[in-house]
Amino acid sequence: MFEFPMSAYWPISNLSLISKIIERIVKVRLTDHLSSNNHLNPHQSAYYKHHSTEMALLYIHDHLINAISSQKLSCLCLLDLSAAFDTIDHDILITRLSSFGLESMDLS
């Protein structure tokens, strides 16, 4: 029988209750700040209540069908940005966030 070496196993990381609470508070306050200052695109589905991936797909589908019926040229470009945060220069990220007024945002 084949056995996996110990190096093949990934460690399990569970956030503590305090970390989960802090994460939730930051998410709520950041979302409120971005929404109240009109920094979120109304066509995006992330970070909006009652918006889902399904709604985004329906939006794209509707626009593609309308373009096809109007005999317009259509192009769809899909990007996988799932690891983008891992590769970003954090100094650039902080500069961008400060342009949204987040450097003085009080999270207390």
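Now for a quick tour of the structure. Predicted model, so just to flag it, every value in this text is computed and none were measured. Here the residue numbering is sequential within each chain, running from 1 through the sequence in written order. Confidence filtering applies because this is a predicted model: local features only for residues at pLDDT of at least 70, side-chain atom pairs given and counted only at 80 or more, and all residues used for totals across whole chains, interfaces and linings. To get the side-chain values, all heavy atoms of the structure are used, and hydrogens and water are removed first.

Under the 1.5 Å per step criterion, the end-to-end length of helix α1 (residues 17-36) is 29 Å for 20 residues, consistent within 8% with the ideal 28 Å. Each residue is assigned to one of three classes by its accessible area relative to the maximum for its type, calculated with a 1.4 Å probe on protein chains only: buried under 20%, partly exposed between the two thresholds, exposed over 50%. Put simply, DSSP marks the helices as runs of H or I at least four residues long and the strands as runs of E at least two long, and each gets a number from the N terminus on. When we look at burial in α1, the residues that qualify are Thr-31, His-33 and Leu-34. For α1, the angular spread of the buried residues around the axis is 160°, confining them to a single face. Of the exposed residues in α1, those oriented more than 90 degrees away from the buried face are Leu-17, Ile-18, Arg-24 and Ser-36. One or two steps after α1, the chain reaches Asn-38, where phi turns positive at roughly 55°. Given the number of residues in a helix, its expected span is that number minus one, multiplied by 1.5 Å. By definition, the arc is the one covered by directions from the helix axis to the C-beta atoms.

Taken together, the side chains of Leu-17, Ile-18, Ile-21, Ile-22, Ile-25 and Val-26 make up a nonpolar region of the molecular surface, amounting to roughly 540 Å² of accessible area. When you line up the elements, Leu-17 lands in helix α1. Patch members must show over 30% relative accessible area and no salt bridge, and they are joined within 9 Å when carrying like charges or within 5 Å when they are nonpolar side chains of Val, Leu, Ile, Met, Phe, Trp or Tyr. All accessibility values rest on the Shrake-Rupley procedure with a 1.4 Å probe; residue burial counts only the protein chains present in the view. Salt bridges are defined by distance alone: a side-chain nitrogen of Lys or Arg within 4 Å of a carboxyl oxygen of Asp or Glu.

These figures capture arrangement, not role.
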